[in-house]
Amino acid sequence: QVELVESGGGLVQPGGSLRLSCAASRRIFSIYRMGWYRQAPGNQRELVAAITSGGNPNYADSVKGRFTISRDNAKNTVYLQMNSLKPEDTAVYYCNAAYQILAYWGQGTQVTVSS
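Here's what I pulled together on the structure shown here. The structure presented is a predicted model; accordingly, all values stated were derived computationally and were not measured.

## Some points on the overall build of the protein chain
Secondary structure summary: the protein chain contains zero helices and 11 strands in total. Each helix (α) and strand (β) of the protein chain, taken in turn from the N terminus, gives the series β-β-β-β-β-β-β-β-β-β-β. Whereas a compact globule of 115 residues would reach a radius of gyration of roughly 13 Å, the protein chain reaches 13 Å, a difference of no more than 12%. C-alpha extents for the protein chain along the principal axes are approximately 40 × 25 × 20 Å. By residue count, 41% of the 115 residues in the protein chain fall in the buried class. Sequence-distant contacts, at least 24 apart, represent 52% of the contacts inside the protein chain between residues at least 6 apart. Of the roughly 6,200 Å² of accessible surface on the protein chain, 46% is carried by carbon and sulfur atoms. Put simply, the protein chain has 11 plus and 7 minus side-chain charges, and the middle of one group is 6 Å from the middle of the other.

Take a look at the structure:
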């Protein structure tokens with residue numbers, strides 16, 4: 001079992017920045033593919049960004065150039081740096097850890113972009 005705890009969400013004005021963190025409970029964190037997903041009211045959960053165990057990132061087209069995913073295996077933590085935030089980025093953001101057939105989710109953190 002892997003427990004994931006997200007933090008860093010909140011209210012920010014358009015154009016602002018936030019940094020989300022996701023701390024994992026297990027020391028084998030390094031072998032997991034880590035991802036950030038988001039779900040806005042009435043929408044399906046969608047992939048925002050993911051990073052492989054080897055550190056290779058990929059991003060949804062809607063966030064390319066604005067968001068950066070990174071991981072610190074020594075701290076069992078994955079980050080999502082979000083810049084130039086837009087109102088359409090408003091959603092609950094979830095951390096995901098995946099390895100072969102295993103997948104774990106955090107509880108989610110609310111990000112609201114509004115003036």
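## What to know about the packing of aromatic side chains
One pass over the full model with this rule turns up three aromatic pairs. Where Tyr-32 meets Tyr-104, the ring centres are 6.3 Å apart and the plane angle is 55 degrees; that geometry is what we call tilted. Taken together, the residues span a long stretch of sequence, with Tyr-32 in the loop between strand S3 (18-24) and strand S4 (33-39) and Tyr-104 in strand S10 (residues 102-105) at a distance of 72 residues. A relative accessible area of 3% places Tyr-32 in the buried class.

About the cut-offs
- Residues numbered from 1 in each chain as written.
- Predicted model: local features only at pLDDT ≥ 70, side-chain atom pairs only at ≥ 80, totals over all residues.
- Heavy atoms only, no water.
- Helix = DSSP H or I, 4+ residues; strand = E, 2+ residues; numbered from the N terminus.
- Rg over C-alpha atoms; globule rule 2.2 N^0.38 Å.
- Buried < 20%, exposed > 50% of the residue type's maximum accessible area, 1.4 Å probe, protein only.
- Contact = heavy atoms within 4.5 Å.
- Areas by Shrake-Rupley, 256 points an atom, 1.4 Å probe, with all protein chains shown as cover.
- Lys, Arg positive; Asp, Glu negative; His and termini not counted.
- Charge placed at Lys NZ, Arg CZ, Asp CG, Glu CD.
- Phe/Tyr/Trp six-rings, centres within 6.5 Å; stacked < 30°, edge-to-face > 60°.

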